[in-house]
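Okay, here's what each chain looks like letter by letter:
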Amino acid sequence: MSKNKDTVVFNVGGTKFQIQRSLVQSYPNSYLAALVNSALASEDHEVFVDHNPLAFSVILDFLRYKRLMVPKNVAQEVVELQLREFGIPYDSLTEVIEDEELPSYDATVASSSLRDTVLQVSTRRMDTLISDVILPYLKRHAKRGHRQVIFYLTPNSVTQNNITSELDHINDPHEWIHLPSKNEATEKEDQCDLPDLQFLLQKDQLKRLGELITERSGVKRVDVSEAVVSCRTENEFGLLFSKFFDIIEIKAIIM
């Protein structure tokens, strides 16, 4: 809880940031400024925002230094989506600095607890995905005598009905699991405690996800890989066009 009358605490996906009112004074009409003012008027001076905390920290630095500095492990598109949602203009004020010009994220936060907090939240959400979603599906398919099952982890925009790519295992027993994606405008309420798709798409997290499923399910083998699929998407004028999405394919060999 913040004790300073001009300071609020933003709880962003489980990571807390203390923000001074003066930090948003340059954008008094922005949604972020409105959140700060609303939090200051509340009793606990705290507001929860279900966003990527790494991208949010980039935005705070942008407010401080008027330069958009994006570390390697944060997608620029996610930062831009948050900037638009918070009503903060950026394209005419600054240039995007390439990853190679920046210190690594690990070096930047080595002296703080942010990295550990983000990892704890992400691990908890991955645990929820496995225990509450994947394991029940595996048990159901095992009872049906299926030797293997395929899981497709996708953003909400990708469905079995609009996908145009030919998937290798689409004729095998399979399940579609939709995960929150910061590249999409909205996020379903029932997905709030599931891991972000962009987080899982990191190479080390794909490997870790497979190891955890194998360990907790006891199945014979689990292969996790990234795939790119094409989907039919309708624009605001009702015209159909193709759009590509990154998804995750999990092949679980039950017996």
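By the naming in an unreviewed UniProt entry, the protein chain goes by Potassium voltage-gated channel protein shal and is assigned to Gigaspora margarita.

Trainee: How would you summarise the pairing of strand 7 (residues 174–178) if you had to cite specific residues and measurements?
Mentor: Counting buried residues in strand 7 gives 4 out of 5 residues, a clear majority hidden from the surface. Pairing of strand 6 (residues 148–154) with strand 7 involves 5 bridges; the strand directions are parallel. When the bridges of strand 7 are listed, Y152 appears paired with W176.

Trainee: Which residues make up the sheet that holds strand 1 (residues 7–12), and what are the values?
Mentor: Read across the sheet, 3 strands follow the order 2-1-3 without closing on themselves; strand pairing throughout is mixed. Each edge of the open sheet is held by one strand with a lone partner, namely strand 2 (15–20) and strand 3 (46–49). Shown here is a sheet whose adjacent strand axes are inclined to one another by a mean of 25 degrees, direction ignored. Two strands pair when backbone bridges link them, and strand 1 and strand 3 are joined in this way by 4 bridges, in the parallel orientation. Each residue of the ladder has a partner; that of N11, found in strand 3, is F48. Here helix 2 (residues 53–65) sits on the sheet and contacts strand 1 and strand 2; the angle it forms with strand 2, its principal contact strand, is near 15 degrees.

Trainee: Provide a residue-level description of the nonpolar core, including the pertinent values.
Mentor: In this structure, F10, F56, L63 and I88 are the most contacted members of the largest nonpolar core, which totals 33 residues. Broken down by secondary-structure element, the contributors of at least two residues to this core are strand 1, strand 2, helix 1 (31–41), strand 3, helix 2 and helix 3 (76–85). Considering each element in turn, this core owes the most residues, 8 residues, to helix 2. Apart from residues lying up to four places away in sequence, F56 is in contact with F10, V12, F17, I19, L32, Q82 and F86. Counting 28 residues, the second largest nonpolar core, distinct from the first, contains L138, L194, V224 and I254.

Parameters at a glance
- Residues numbered from 1 in each chain as written.
- Predicted model: local features only at pLDDT ≥ 70, side-chain atom pairs only at ≥ 80, totals over all residues.
- Heavy atoms only, no water.
- Buried < 20%, exposed > 50% of the residue type's maximum accessible area, 1.4 Å probe, protein only.
- Helix = DSSP H or I, 4+ residues; strand = E, 2+ residues; numbered from the N terminus.
- Pairing = 2+ DSSP bridges.
- Axes fitted to C-alpha atoms, helices over the stretch in contact; angles between N-to-C directions.
- Contact = heavy atoms within 4.5 Å.
- Core = buried A, V, L, I, M, F, W, Y, C linked by side-chain atoms within 4.5 Å.

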